[in-house]
Amino acid sequence: MGEPGLLELVEEEVRSNSQDTGYTFQMSESLSSRETSFLINEESTPAKRFNLFLRRRLMFQKSKQSKDSIFFRDGIRQIDFVLSYVDDIKKDSDIKAERRKEFEQNLRKSGLELEIEDKRDSEDGRTYFVKIHAPWEVLATYAEVLGIKMPIKESDIPRTEHLPFNCMFAPVKLPETVKYPRPEYFTVQFNRRRQELFLIDDKATFFKSSSRNRIVYYILSRCPFGIEDGKIKFGIERLLNSNTYSSAYPLHDGQYWKPSEAPNPVNERHILHKNWARFSYFYKEQPLDLIRDYYGEKIAIYFVFLGFYTEMLFIAALVGLACFIYGLLSMGSNPSSVEICDPNVGGQMIMCPLCDQVCDYWRLNTTCWASKFSHLFDNESTVFFAIFMGIWVTLFLEFWKQRQARLGYEWDLVDFEEEQQQHQLRPEFEAMCKHRKMNAVTKEMEPHMPLFRHIPWYFLSGATVTLWMALVVTSMVAVIVYRLSVFAAFASFMESEASLQEVKRFFTPQLATSLTGSCLNFIVILILNFFYEKISAWITKMELPRTYQEYESSLTLKMFLFQFVNFYSSCFYVAFFKGKFVGYPGKYTYLFNVWRSEECDPGGCLVELTTQLTIIMIGKQIFTNIKEAIYPLVLNWWRRRKARTNSEKLYSRWEQDHDLQCFGQLGLFYEYLETVIQFGFVTLFVASFPLAPLFALINNIVEIRVDAWKLTTQYRRPVAAKAHSIGVWQDILAGMAVLSVATNAFIVAFTSDIIPRLVYYYAYSTNTTQPLSGYVNNSLSIFLTADFPNHTVPLDKRDFTTCRYRDYRNPPGDENKYLHNMQFWHVLAAKMTFIIIMEHIVFLVKFLLAWMIPDVPKDVVDRIKREKLMTVRILHDFELNKLKEKLGLNPNEFSKHVMIEENKMQLAKSTI
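Residues numbered from 1 in each chain as written. Predicted model: local features only at pLDDT ≥ 70, side-chain atom pairs only at ≥ 80, totals over all residues. Heavy atoms only, no water.

As named in an unreviewed UniProt entry, the protein chain is Anoctamin, taken from Heterocephalus glaber.

1. Describing the confidence of the model for the protein chain
Of all residues in the protein chain, 83% attain a pLDDT of 70 or more, and the chain-wide mean is 82. Note that residues 48-63 has pLDDT below 50 and, in this model, 38 contacts with residues that lie over four places away or in other chains. Segment residues 645-650: pLDDT under 50, and 10 contacts once partners within four positions in sequence are set aside and those in other chains are kept. (pLDDT = per-residue confidence, 0-100. Contact = heavy atoms within 4.5 Å.)

2. Focus on the packing of aromatic side chains
Using the criterion set out here, one finds 61 aromatic pairs in the structure. For the pair Trp136 and Phe206, a centre-to-centre distance of 5.9 Å together with 55° between the ring planes defines the contact as tilted. Of this pair, Trp136 sits in helix α4 (residues 136-145) while Phe206 sits in helix α6 (residues 203-206), and the two are 70 residues apart along the sequence. Neither Trp136 nor Phe206 differs from the other in exposure class; each is buried. (Phe/Tyr/Trp six-rings, centres within 6.5 Å; stacked < 30°, edge-to-face > 60°. Helix = DSSP H or I, 4+ residues; strand = E, 2+ residues; numbered from the N terminus. Buried < 20%, exposed > 50% of the residue type's maximum accessible area, 1.4 Å probe, protein only.)

3. Quick word on the state of the cysteines
As used here, a disulfide is simply a covalent bond connecting the sulfur atoms of two cysteines. Under the counting rule described, the total for this entry stands at 3 disulfides. Covalent S-S linkage joins Cys352 and Cys803, the inter-sulfur distance amounting to 1.9 Å. On the S-S bond that ties Cys352 to Cys803, the torsion sits near 85°, and the link is right-handed. Remark: Cys803 occurs in strand β18 (residues 802-806) and Cys352 occurs in the loop between β9 (350-351) and β10 (362-363); sequence separation between them is 451 residues. (Disulfide = S-S within 2.5 Å.)

4. Quick look at the nonpolar core
Soluble globular proteins tend to bury their nonpolar side chains together. Counting residues in hydrophobic clusters, the biggest one holds 118 residues, and the most contacted among them are Trp392 and Tyr568. Apart from the residues within four sequence positions on either side, Tyr568 is in contact with Gln563, Val676, Ile677, Gly680, Phe681, Leu684, Phe685 and Met736. With 46 residues, the next largest nonpolar core counts Leu114, Phe206, Phe225 and Val860 among its residues. (Core = buried A, V, L, I, M, F, W, Y, C linked by side-chain atoms within 4.5 Å.)

5. Details of the pairing of strand β3 (residues 127-133)
With respect to burial, β3 is a largely interior element, 7 of its 7 residues being buried. Here β3 shows a buried face lined by Thr127, Phe129, Lys131 and His133 and a second buried face lined by Tyr128, Val130 and Ile132. Here strand β2 (residues 113-117) runs beside β3; their pairing, made up of 5 bridges, is antiparallel. Paired with Ile116 across the two strands is Val130, which belongs to β3. (Pairing = 2+ DSSP bridges.)

6. As for the sheet that holds β2
Within a sheet, each strand pairs with its neighbour through backbone hydrogen bonds, oriented either parallel or antiparallel. Pairing is antiparallel in the open sheet, where 4 strands are placed in the order β2-β3-β1-β8. The open sheet has two edge strands, β2 and β8 (247-249), and neither has a second partner. Here the average twist between neighbouring strands, direction ignored, is 20°. On the sheet, helix α3 (residues 93-109) packs against β1 (81-86), β2 and β3 and is oriented at approximately 140° with respect to β2. (Axes fitted to C-alpha atoms, helices over the stretch in contact; angles between N-to-C directions.)

7. Remarks on the packing of helix α14 (residues 381-410) against helix α27 (residues 822-852)
At their nearest, the axes of α14 and α27 sit 9 Å apart, and the two run at 25° to each other. By the angle class used here, α14 and α27 are roughly parallel. For the crossing formed where α14 meets α27, the hand is right-handed. Across from Val383, Ala386, Ile387, Gly390, Ile391, Val393, Thr394, Leu395 and Glu398 in α14, the residues of α27 making contact are Phe834, Met838, Val842, Val845, Lys846, Leu849 and Ala850. (Parallel < 35°, antiparallel > 145°, perpendicular 65-115°, else oblique. Left-handed = near helix turned anticlockwise from the far one by under 90°.)

8. Let's talk about unusual backbone geometry
Peptide bonds are mostly trans, and most non-glycine residues show a negative phi. Here the phi dihedral of Asn243 falls at roughly 65°; this positive angle occurs in a residue that is not glycine. Structurally, Asn243 is set in the loop between α8 (236-241) and β8. A relative accessible area of 51% places Asn243 in the exposed class. Positive phi values are uncommon outside glycine, yet Phe592 reaches one of about 60°. Mapped onto the elements of the fold, Phe592 is located in the loop between β15 (590-591) and β16 (595-596). Residue classification places Phe592 among the exposed positions, given a relative accessible area of 54%.

9. Quick word on α3
For α3, built from 17 residues, the straight-helix expectation of 24 Å at 1.5 Å per residue is met to within 8% by its first-to-last C-alpha distance of 24 Å. Residues Ser93, Lys96, Arg99, Arg100, Phe103, Glu104, Asn106 and Leu107 constitute the buried set of α3. Relative to the axis of α3, the buried residues are bounded by an arc of 160° and lie together on one face. Seen from the open side of α3, the exposed residues pointing more than 90 degrees away from its buried face are Asp94 and Lys109. Packed against the buried residues of α3 are β1, β2, β3, α7 (209-220), β6 (224-228) and α8. Just downstream of α3 lies Gly111, where phi reads positive at about 110°. (Expected span 1.5 Å × (residues − 1). Arc of directions from axis to C-beta.)

10. Concerning the packing of helix α19 (residues 548-576) against helix α24 (residues 728-751)
At a closest axis distance of 13 Å, the pairing of α19 and α24 adopts a crossing angle of 10°. By the angle between their directions, the pair α19 and α24 is classed as roughly parallel. The segment α19 lies against α24, with Thr556, Phe560, Phe564, Tyr568, Phe572, Ala575 and Phe576 engaging Val728, Trp729, Ile732, Met736, Leu739, Thr743, Phe746, Ile747 and Thr751. By residue class, the composition of the contact of α19 with α24 is 13 nonpolar, 3 polar and no charged. (Nonpolar A, V, L, I, M, F, W, Y, C, P; charged D, E, K, R; others polar.)

11. Examining α27
In an α-helix, one turn spans 3.6 residues; hence positions three or four apart end up facing the same way. An ideal rise of 1.5 Å per residue puts 45 Å on 31 residues; α27 measures up with 45 Å between its terminal C-alpha atoms. Considered for burial, the residues of α27 that qualify are Gln823, Val827, Lys831, Phe834, Ile835, Met838, Glu839, Val842, Lys846 and Leu849. Among the structural elements, α14, α24, α25 (754-764) and α26 (775-779) are those in contact with the buried residues of α27. A distance of 3.2 Å separates the backbone nitrogen of Gln823 from a side-chain oxygen at the start of α27, and that oxygen is part of Asn821. (Polar contact = N/O pair within 3.5 Å; in protein donor to acceptor, adjacent residues only side chain to side chain.)

12. A word on a nonpolar patch on the surface
A contiguous nonpolar patch, built from Leu451, Ile455, Tyr458 and Phe459 and spanning about 440 Å² of accessible area, is present on the exposed surface. With respect to the helices and strands, the residue Phe459 is situated in helix α17 (residues 451-496). (Patch = residues over 30% accessible without salt bridge, like charges linked within 9 Å, V, L, I, M, F, W, Y side chains within 5 Å. Areas by Shrake-Rupley, 256 points an atom, 1.4 Å probe, with all protein chains shown as cover. Salt bridge = Lys/Arg side-chain N within 4 Å of Asp/Glu carboxyl O.)

So this is what it looks like as structure tokens:
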């Protein structure tokens, strides 16, 4: 049967509407796969809607259909989802064709309407496209199943406006129409039997496009496609994994660089790109409600979290910058640096060799620039900033709980425990289960997998994670060996090259080794991370988690544990192990009895920790942003270049989206993981690098726009999903916040030089006018060069009788020579005391703040109560009016009847 012409379609439509009050379309079994008509029974339609129907019919002639059309060929039914596949000539092509046929028949049986675009009309001449439309009956049914809340009355509660200093933030505000695309409503879960209760102006636009694609995906994920090996096979994901279909995605509203043309609905993608995804809008707030409407709550809440985290970083960045400026201004007057740089003090102190045989004796003033640089981050403000960040992280988490609660009210997530899709069984789990068990809650039989089936995979999973974490530690040890090996080479080379003597003043062998070692460590981190991501995803899939939530939780645990060890292990080594177990000249400790343990600079290891943290943190941020921006851009360009065989053919909306990258179910997972790892850098080691919050702030400002840009321009539209929180990531952040208090206390005590200076200031200084004068000499012990073992004596003989090294030990003439002296124990006691006091102070403030700041603000509690009261009243009035209509009573008589019955009840109660 040929496709009817445009005039015939219009005439038929007019004829059918002049004879009865509804539209009637019947699916014809005799038509080809590309030519379908449908049966829809509707109630009488107003004239204006029918006129709109005719206008759309006239505009959507197939040969002249707009490239940006998001409708079927009839111009009426909106495309809610698209499937694509390519016919192949492989041996299993017949099996795939049979699966597709069965799957599409079952989709039609479930109520969905399909329209297939032949491969001859596609741009590459190879791809078929199956366009899916969900009619009103399907949307209404599954909206009730999924518990989607819909509006029943416009809210009378005014929006929250922060009046103080509101005018100061006018430049960062978005237009009201962009910030609030819809009015606020009182909402209840949709019910087909109460359709008159809801504000349905037009059934075609009543459900948002995000809700529509969510409903269609729910059906696709549970639609069967046959019985294989005695098991019912179902779900679009299995068909995608077997390449039966090549892709499945909802359509974008239109092209991102221009608004849509009538009769297409408003192009929200263009609005988002114009007001959100442009880098020139980096200082603007985000259109969060519009993001939610277009992408769903799960993606929107990620951007809310990232935006809130960035706002809070602004405060931490200011304080950190102030601490850095203080260090910069006081760098020239630092007593330790002055003594080290003084030729008469530091220039006269001969230091012991830093490696065996190859390294020579050296003078302390050669580290002049290093000591000044160390003071930038190791000064009095370090303690203040460490305590401040402990309080800041508490405020951040508590205020985020409040923001989340406010969001739950504004986005109708108050009574929402968890997205049903997250608690629903994964199709892969259902397909593999042979046993069934009664659910204690629903009292229904559901698939069940015995524990003994899971145990082997749990063991494999645990062993794999442990093995890879051991591999990280091994790689870190390898980097340490590299540093130990090349240090002597750097020292010997710089000593022998006369041209490097000036450079050596500020670029010491220690710094050269630290920089190259940190860069090598960063490269190893990226390589290990790349391979582990693939392995962890495969193992989690093989574990067969029962629900989507269990799947994400299992993968989150594996990925976070590994990345925690991978990114932070080198920082923990420098902060808490390097230079702590070195020994002393004549009795050094050796790694594998070969390489002498690393020593810190005379000013401590804090500079090296700062270097390590800077390279890994900033390097990761730059690498990630470049990867996120360039990778999809290049892939999309190459995909279009390969596909574009005939530019004269129609390049349709579904083909444009088909050429984009797939965001994937784990796309958001990796965004959260990246943010949480950055949060660890900002909190765990911030005492060593006060500028960390500033760099994180700059990165996040860029990150928001990069993520927005790639979502709106480079990726297919993700399937909408709901979420009321950031999930397990909040518990991880809370755990890192507690750990950060301990790590920063230990960094200040054991890695920085503050506590030894304070002990000298109050207990050992004899200079009342300049209490820190003589501290450098006091912190260096004396070693007799004659006591050097033969295998450690420098090859170049010198006439020095003694040399100095950093430690608190008795001098050579003492009866307990080279043992720790009393000052060592005083300093150690002071360090432990500081840790205990700092942790108790910070934890006390944390608990007080957590107790004082409610998780749900009072105004949100009042709004929730108000909305519940109003919805109960509206539902009560609705049911009462329906009862009146059912009984056919006059409203006045009915009210009188109700009053009489109530009086009788009151009289009965008083009698009793």
